[in-house]
Every structure is written in structure tokens, then in C-alpha cells.
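Secondary and tertiary structure notes
Here are the chains, one letter per residue:
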Amino acid sequence: MDIHFCRYYASDGYPPSNRYCRECPHSWRGCDALWERVITLAGSSGGNPLSLPGTQAVLSPHPTSPHFVRLRVNTVWNLPREDFLHFIATGHAGMGRKGDRHNPRSAPSMTRQEPYVGAIVELLGGWQCDEIALVRMIQGRDASDADAYRS
């Protein structure tokens with residue numbers, strides 16, 4: 001993973017610090033709102049899993065944790081908040097190997113979340129979605145730019 005995907009990310013990329021986004025004290029700046037949209041999207045199909053266009057996957061809420069949503073094709077797995085936010089910054093959320101944690105194309109969890117995260121982005125309104133644009137600014141620009149955007 002690219003450990004520099006966000007200027008606030010404080011981790012070496014190895015567990016447990018790779019889960020930093022779940023406890024980031026700066027997430028209120030925009031990441032919380034974007035992740036809340038993902039959770040809302042996951043639960044938007046009236047209790048049924050939501051089909052992700054262009055994939056065979058479905059999206060559903062996680063039954064107990066606000067840090068995950070669930071994906072299912074043939075099996076069920078979690079999409080962690082940090083994998084989604086890494087994808088927002090880098091456009092990558094691929095599978096990685098334990099010994100290759102610093103591959104910038106790998107997701108923080110080292111599980112393959114592509115193309116599913118891309119389909120979620122499209123359902124949220126694409127890369128121009130206000131919450132996505134704000135998070136991208138927060139991840140890589142001066143905080144005053146992001147605060148001005150929110151005003």
C-alpha cells in the first residue's frame with residue numbers, strides 16, 4: 001500500500017497500525033461523511049444486498065461494525081474503511097502479499113477490493129461527488145483548501 005496516500009495517515013502499513021483511518025482524529029474533516037455515504041448506500045436496498053454495477057458483487061451493511069461494509073460474490077468479505085479511503089486517494093485497492101506491504105497498488109488489508117470500490121464510487125456519483133472531491137483535497141492538499149471547499 002501507499003503509506004503516503006493521506007497526509008494524516010500515521011502507519012507503517014503493517015497491522016495493527018494499517019487500520020489508522022478507523023481512529024484518525026482528522027476524519028471529521030470529510031472522511032467520516034464519505035464513509036457514512038458508503039454505509040448508507042450499503043443499506044439502501046431495503047434490507048437486500050445492493051448489486052454493484054459492472055461486477056457480480058453485492059454490497060450490504062456490516063451487522064456489527066461501522067468500520068466495514070460487506071461484499072459478496074461467492075463468499076462474503078469485509079471492505080474496511082481504510083481500503084476504500086486508500087482507493088479514493090490512489091485509485092488502487094488490489095491484493096497484496098504479506099512480504100510486499102509497500103506495493104502502492106495494494107489495499108491496506110492486502111485483499112482485492114477492485115473493481116468493487118470503483119463501482120461504489122460510481123454509485124456515489126463518481127469522482128466528482130462532493131464528498132469524494134473533499135476527501136481527495138484533505139488527503140493531499142493544505143487543510144485550508146479543504147476547509148474553504150467545505151464552506
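Anyway, here's the lowdown on the structure attached to this text. (Residues numbered from 1 in each chain as written. Predicted model: local features only at pLDDT ≥ 70, side-chain atom pairs only at ≥ 80, totals over all residues. Heavy atoms only, no water.)

A few words on helix α1 (residues 31-42). For α1, which comprises twelve residues, the first-to-last C-alpha distance of 17 Å matches the rise-based estimate of 16 Å (1.5 Å per residue) to within 8%. Looking at α1, one finds that the buried residues are Cys31, Leu34, Trp35, Val38, Leu41 and Ala42. Viewed end-on, α1 has its buried residues packed into an arc of 115 degrees, placing them on one side of the element. (Helix = DSSP H or I, 4+ residues; strand = E, 2+ residues; numbered from the N terminus. Expected span 1.5 Å × (residues − 1). Buried < 20%, exposed > 50% of the residue type's maximum accessible area, 1.4 Å probe, protein only. Arc of directions from axis to C-beta.)

Evaluation of the coordinates by the stated rule reveals five aromatic pairs. Aromatic pair Trp35 and Phe84: ring centres 6.0 Å apart, planes at 55 degrees, arrangement tilted. Linking Trp35 in helix α1 with Phe84 in helix α2 (residues 81-90), this pair joins segments that are 49 residues apart in sequence. Take Phe84: its relative accessible area is 0%, and that puts it in the buried class. With a centroid separation of 5.4 Å and 65 degrees between ring planes, the pair formed by Trp77 and Tyr116 is classed as edge-to-face. Placement of Trp77 in strand β4 (residues 76-80) and of Tyr116 in helix α3 (residues 116-124) is noted, with a sequence separation of 39 residues between them. The rings of Phe5, Tyr9 and Tyr20 are connected pair by pair, giving a single aromatic cluster. (Phe/Tyr/Trp six-rings, centres within 6.5 Å; stacked < 30°, edge-to-face > 60°.)

Relative to the helices and strands, Ser106 resides in the loop between α2 and α3. Ser106 gets classed as buried once you look at its relative accessible area, which sits at 0%. Those residues in contact with Ser106, other than ones at most four positions away along the chain, are Met1, His86, Gly94, Met95, Gly96 and Asp100. (Contact = heavy atoms within 4.5 Å.)

Moving on, we get to the side chain of Thr55. Here Thr55 lies in the loop between β1 (50-51) and β2 (58-61). A distance of 2.8 Å separates a polar side-chain atom of Thr55 from the backbone oxygen of Leu52. Within the local environment of Thr55, its side chain forms a polar contact with the backbone nitrogen of Ala57, the two atoms lying 3.0 Å apart. (Polar contact = N/O pair within 3.5 Å; in protein donor to acceptor, adjacent residues only side chain to side chain.)

It is characteristic of soluble globular proteins that their nonpolar side chains tend to be buried jointly. Leu34, Leu52, Leu59, Phe84, Ile120 and Leu124 are the most contacted members of the largest nonpolar core, which totals 38 residues. Of all the secondary structure elements, the ones that give two or more residues to this core are α1, β3 (68-72), β4, α2, α3 and α4 (130-140). (Core = buried A, V, L, I, M, F, W, Y, C linked by side-chain atoms within 4.5 Å.)

Bridging between β2 and β3 involves four bridges; their strand directions are antiparallel. Residue pairing across strands places Pro61 opposite Val69, the latter belonging to β3. A loop of six residues connects β2 with β3, the two strands running antiparallel in sequence. As defined by bridge partners, β3 adjoins β4 across five bridges and the pair is classed as antiparallel. Of the residues in β4, the one forming a bridge with Val69 is Leu79. Following β3, the chain reverses through three residues before pairing antiparallel with β4. (Pairing = 2+ DSSP bridges.)

Without other data, these values stay purely geometric and don't point to any function.
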